[in-house]
Amino acid sequence: MTASRPRRRRLAVGGAALGVALLTASCGGASSQKATSPRVKNVTLVRSGKIVVCTNVPYEPFSFTRNGKVVGFDIALMDKVAARLGVRQEIVDIDFDPIRSGAALNSGKCDVAAAGITITEERRKNVAFSNPYFDEALTLMSPRGKPVATLEQARKGKLRVGVLTGTTSMKAAVDAGIEPQEYKDSGKQLTALRSGSVDVIVQDLPVVTSWLRKPELAGKFTAGQSIATGAHYGFVAKKKGSEHLLGVINEVIAAAKKDGSYARLHQQWLGVPPEQSTTS
């Protein structure tokens, strides 16, 4: 980490703590701390000198813990946003539901969410999205001795399928006629597969690719066919009043793609160039 790169601090928030935090924020606790960005006019932040980013850890390679710090592709892009605003990035680790529903953002728990969030019209009802920054693709992961290539194969075989609650992977499984088992984070989902609680899991392709690079998983599990959904990831902010912040985020995404730093970060965290993100 270079000296010019913003420092980050992770705050883990459990279900009960999140409820208290949201209640406090709705009663004015968070709003009393709001401050503007020191470098960009009209951008209002939850806390002075910080951009507070909600994420759902672990979601490697987008956001996960390494050596006690939350890192990843999404976090690196948010570092660029923090630098543009002249603030530090602070990370809040929460369940995915308060992110996709907009509760964590609308209550002032965080300024933006970065968690490999797929842009959907249903989610647009609750939150505002940045411009797309990543193309979504899904896949299946199963034991190497019992490979599962497609959702149709899982359905016909009446296999137990694990998904993350409220995700496009869950929707894909349900649309295929499967009644999946739900998990709140990818760590619990992977544990379920490793323990045999489920036969196969559905997950974003880069996440599975990242897992299969690990020595303890590579020889025991395998990926199914890539499922290109045609959807994209976006960063998320509250539905009202976030136009200027999203404008800055969009500028950062565009600049990173133009100056080559997006491609370098993509190679660093995903292990492949951007053009291979939905095929590797």
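Residues numbered from 1 in each chain as written. Predicted model: local features only at pLDDT ≥ 70, side-chain atom pairs only at ≥ 80, totals over all residues. Heavy atoms only, no water.

*Asks:* Could you clarify how one ought to interpret the overall build of the protein chain in this entry?
*Replies:* Scanning the protein chain from terminus to terminus reveals twelve helices and 16 strands. When each of the 280 residues of the protein chain is scored for burial, the buried share is 52%. When contacts within the protein chain are restricted to residue pairs at least 6 apart in sequence, those whose partners lie at least 24 apart make up 73%. With an accessible surface of roughly 12,700 Å², the protein chain has 51% of that area assigned to carbon and sulfur atoms. (Helix = DSSP H or I, 4+ residues; strand = E, 2+ residues; numbered from the N terminus. Buried < 20%, exposed > 50% of the residue type's maximum accessible area, 1.4 Å probe, protein only. Contact = heavy atoms within 4.5 Å. Areas by Shrake-Rupley, 256 points an atom, 1.4 Å probe, with all protein chains shown as cover.)

*Asks:* What should I look at first to understand helix α12 (residues 261–270) in this one?
*Replies:* Every α-helical turn comprises 3.6 residues, leaving residues that sit three or four positions apart pointing alike. Along α12, the residues that are buried comprise S261, Y262, L265, H266, W269 and L270. Projected down its long axis, α12 shows its buried positions confined to an angular sector of 140°, all on one face. Along α12, the residues that are exposed and aim more than 90 degrees away from the buried face are R264 and Q268. Those residues of α12 that are buried are in contact with β5 (64–66), β6 (69–71), α2 (73–85), β10 (134–143), α9 (205–212) and α11 (243–259). (Arc of directions from axis to C-beta.)

*Asks:* Looking at this model, I keep getting lost on the nonpolar core. Mind explaining?
*Replies:* Soluble globular proteins tend to pack their nonpolar side chains together in the buried interior. By size, the foremost hydrophobic cluster in this structure holds 51 residues, and its most contacted members are I51, F73, L85, M141, F235 and I249. Those elements that place two or more of their residues in this core are β4 (50–55), α2, β10, α8 (186–195), α9, α11 and α12. Ignoring sequence-local partners within four residues, the contact set of M141 consists of L190, L193, V200, I201, V208, W211, L212, F221 and T222. With 16 residues, the next largest nonpolar core counts V52, C54, I119 and V236 among its residues. (Core = buried A, V, L, I, M, F, W, Y, C linked by side-chain atoms within 4.5 Å.)

*Asks:* How should I be thinking about the pattern of salt bridges in this particular structure?
*Replies:* Two side chains with opposite charge may pair up if their charged atoms get near one another. Scanning the model with the defined rule gives 13 salt bridges in all. A salt bridge links R84 to E251; the shortest N-O distance between them is 3.7 Å. With a gap of 167 residues between them, R84 in helix α2 and E251 in helix α11 connect regions that are remote in the sequence. Among the residues examined, E251 registers a relative accessible area of 47% and is labelled partly exposed. Ionic pairing is found between E121 and R124, a salt bridge with its closest N-O pair at 3.3 Å. Within this pair, E121 and its partner R124 are both found in helix α5 (residues 121–124), separated by three residues, close to a single helical turn. Accessibility expressed as a relative area gives 59% for E121, which makes it exposed. Through salt bridges with shared partners, a single ionic network connects R47, K50 and E90. (Salt bridge = Lys/Arg side-chain N within 4 Å of Asp/Glu carboxyl O.)

*Asks:* Looking at this model, I keep getting lost on the packing of α11 against α12. Mind explaining?
*Replies:* Helices that pack against each other are described as a pair by the angle of their axes relative to one another and the distance between those axes. Remark: α11 packs on α12, axes separated minimally by 4 Å, with the N-to-C direction vectors making an angle of 85°. With respect to α12, the element α11 is oriented roughly perpendicular. In contact with A256, K257 and D259 of α11, α12 contributes S261, Y262 and R264. Residues that form the contact of α11 with α12 fall into these classes: two nonpolar, one polar and three charged. (Axes fitted to C-alpha atoms, helices over the stretch in contact; angles between N-to-C directions. Parallel < 35°, antiparallel > 145°, perpendicular 65-115°, else oblique. Nonpolar A, V, L, I, M, F, W, Y, C, P; charged D, E, K, R; others polar.)

*Asks:* Hey, could you run me through the environment of L193 in this one?
*Replies:* By the secondary structure assignment, L193 is in helix α8. For L193, a relative accessible area of 3% puts it in the buried group. Considering only alpha carbons, one finds L193 and V161, 32 residues apart in sequence, at a separation of 9.0 Å. Beyond its immediate sequence surroundings of up to four residues, L193 is in contact with M141, S142, P143, V198, D199, V200, I201 and F221.

*Asks:* Teacher, can you tell me more about the state of the cysteines here?
*Replies:* Note on terminology: a disulfide is the covalent bond linking the sulfur atoms of two cysteines. The full count for this structure, using the stated rule, is one disulfide. A sulfur-sulfur distance of 2.2 Å marks the disulfide that ties C54 to C110. Around the S-S axis, the bridge from C54 to C110 shows a dihedral of about -110° and counts as left-handed. Taken together, the residues span a long stretch of sequence, with C54 in strand β4 and C110 in the loop between α4 (103–106) and β8 (112–113) at a distance of 56 residues. Accessibility classification places C54 together with C110 in one group, the buried group. (Disulfide = S-S within 2.5 Å.)

*Asks:* Help me out: how do you make sense of the packing of aromatic side chains in this one?
*Replies:* How two aromatic rings sit relative to each other is set out by the distance from centre to centre and by the angle between their planes. This model, assessed by the stated rule, comprises eleven aromatic pairs. Measuring from ring centre to ring centre gives 5.2 Å for F62 and Y233, while their planes differ by 75°; the resulting arrangement is edge-to-face. Here the residue F62 occupies a position in the loop between β4 and β5, and Y233 occupies one in strand β15 (residues 227–233), the gap between them amounting to 171 residues. A residue is classified by how much of its surface remains accessible, and F62, at 0% relative accessible area, is buried. One Lys or Arg, K257, reaches over the ring of Y262 and ends 5.2 Å from the middle of that ring. (Phe/Tyr/Trp six-rings, centres within 6.5 Å; stacked < 30°, edge-to-face > 60°. Lys NZ or Arg CZ within 6 Å of the ring centre and 35° of its normal.)

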